[in-house]
Amino acid sequence: MIQTPTEKREATEDVGRNAADNPTMGDIINRRYSRRGFLQGTLATSAIAVTVSPLALMAADEAHAQEKASAFSFEEIAAGSDENHRVAPGYNANILLRWGDPVLADAPEFDPKNQTPAAQEKQFGYNNDYVGFIPLDGSDDRGLLVVNHEYTNPELMFPGAAVERDDEIVIDEWTKDMVDIEMAAHGGTIIEIQKGADGSWSPVRDGEMNRRISVNTPMEISGPAAGHPRLQTSADETGRKVFGTLNNCAGGVTPWGTYLMAEENTHGYFLGELPADHKEAANYERMGVPGGWYNWGKFHDRFDLSKEPNEPNRFGWIVEVDPMDPNAIPKKRTALGRYKHEGCETIRNKDGRAVSYSGDDERFDYVYKFVTSGTIDDDNRQANMDLLDEGTLHVARFDEDGTVEWMPLVHGEGPLTSENGFESQADVLVETRRAADLLGATKMDRPEDVQPNTETGKVYVMLTNNTKREEGDTNPANPRADNAFGHIIEITETDGDFASTKSTWEILLKCGDPSIAEVGATFSPATSENGWFGMPDNAAVDADGRLWVSTDGNSEEKTGRTDGLWAVGTEGEDRATSKLFFRCPVGAEMCGPVFTPNGETLFLAVQHPGDAGLATFEKPATRWPDFSDDLPVRPSVVVITKQDGGKIGV
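Reading guide: rules and limits
Residues numbered from 1 in each chain as written. Predicted model: local features only at pLDDT ≥ 70, side-chain atom pairs only at ≥ 80, totals over all residues. Heavy atoms only, no water. Salt bridge = Lys/Arg side-chain N within 4 Å of Asp/Glu carboxyl O. Helix = DSSP H or I, 4+ residues; strand = E, 2+ residues; numbered from the N terminus. Buried < 20%, exposed > 50% of the residue type's maximum accessible area, 1.4 Å probe, protein only. Pairing = 2+ DSSP bridges.

(A) Quick peek at the pattern of salt bridges. For the structure on display, the rule yields 45 salt bridges. Two residues, Arg314 and Asp236, come together in a salt bridge whose shortest N-O distance is 3.0 Å. Taken together, the positions of Arg314 in the loop between helix 9 (281-287) and strand 14 (318-321) and Asp236 in the loop between strand 10 (218-222) and strand 11 (241-243) put the pair 78 residues apart, joining distant regions of the chain. Accessibility assignment for this pair places Arg314 and Asp236 in one class, buried. When salt bridges that share partners are traced, they join Arg286, Lys340, Asp360, Glu362, Asp365, Arg433 and Asp437 into one network.

(B) Layout of the pairing of strand 7 (residues 187-195). The buried fraction of strand 7 amounts to 7 of the 9 residues, a majority that puts the element mostly inside the structure. The pairing of strand 4 (residues 142-149) with strand 7 spans 8 bridges and is antiparallel. Across the sheet, the residue bridging to Asn148 is Gly188, located in strand 7. Here 3 bridges tie strand 7 to strand 9 (residues 211-213), and the two strands are oriented antiparallel to one another.

(C) Summary view of the sheet that holds strand 28 (residues 578-583). Judged by pairing direction, the sheet is antiparallel, and its 5 strands sit side by side in the order 1-28-27-26-25 without closing on themselves. Each of the sheet's edge strands pairs with one partner strand only, and the pair in question is strand 1 (86-87) and strand 25 (536-541). Here strand 1 runs beside strand 28; their pairing, made up of 2 bridges, is antiparallel. Directly across from Arg86, in strand 28, lies its bridge partner Arg583.

Read these as layout, nothing more, since geometry by itself doesn't imply function.
Here it is in structure tokens:
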């Protein structure tokens, strides 16, 4: 089967490098529910596994299920695959920002056949992933949109660069300009947007806070690992300064209005080799360094391990940016740990402390949360600017009795001592994965977004898939071997205290086609043939506390449908019922999603559209969103509003 460049990248980013013998989530699930067995009866009923809550099991009565009222009132669209996007009837889905659109006031217009690094530094970057909205002046109709740019698809970006060889798309000749354009297309965008009198949204091109962040943006390293010798390089002997951020996947917006950029698959940007006896060899093996996806190391020494062996330790962190000040220096907050952060959703706990959740996006890796030492000062925004430098990072152990133990990663406690190679808290944070291995954290099926719901005290963990999990290697929280379609775990934080160290958990749903019994999907029978999905990735909770899930990995070949956005019931009789609201054009992944506080506008990110089969700049699978022969396919942010006004999905 032909693999797209994105699929090849994903295959090498997510190989499962955790050799620890900690129980996997599948082991735990099997132990927890081994006494219950499976329901017997109709095909629909047999597909509902016993690892879901009693409320979900009640939904197995199909006659009863069809009488249920959904929490979402929109008319569901049909699943499928074509060159355009589709949205539920009664809604407008318009293009807000496209790769190459001007961000800064002096940015040139996009010219795909005459790209330059200088132009790209001022234009909207490539492969938009996380999207956040920060209201200005308390308005839902004006705000800052903050957007991550995760990675680049050079075969779709550069005219004449890609060639087909042996059923594969390759780029034979790289130039420094191409590399520098890629580097400029990474990072993030901060741009003012506003809603007009006609209800349509548009960018404010001369917005004073508009900003591009790239691999060339000066940043500071803060927190316990700042200045440590393992972060020092020939270009920065202090270990406190670094240029740029890489592979920013999902992210978050803090309660004090800063923008968090999560560095995920940073290993893929490095070339070269370390000596076998180098002190970082085991650390880099656990992180997959070097990944060798990009040719940057041929033109920039810092991405060549043989020349700058410490540079990878300066990536894999959470970056905090003050979007209100375009001159503010972004800071890498090392207290939150170094691993493949999918995102970083942060909420205000009831005791005033900030709590941040993040998944380590690789097969058999872990779920984390960070609790600040200090509390949020609602009257003094500036006092919150370094809150993320002090606190406790925890990793999750999902036990078979249905509890979650949040274990602190603190130097000197338990196995995190000098005897195991941890001389300080800096070592614990640089090697967060190894520290979590030693604590016995539960090996998960590729944790992605971890989305808290402050209204209910629940936390939703997106587990995309794990086809490397074998029979006998399952556990209660990861119950399926060869888990191609993923599942969603619901954590209930004790008494609504998100800082608690003891919580409970259950499976909200297991994904996949519920009509195929052996898949073991657990959508309620009220879910239509269009409503089920596979590979949950990002998530959002709207103004009414309802869960929305976007996906990564659905395709004509895998599921007969593109990726998209589904509304998922979580409470009462609507629990585990899913409806398709938006679907992507062919080849694309659904990212984003985020609502304005009033719930009347939804922003979505369509990433790597047209990346299907042997796609190139000249022959993409679609020319979305412009559908012009002289323009390439372009990753874009879509803005959705209700045609007659009001909240989305109501």
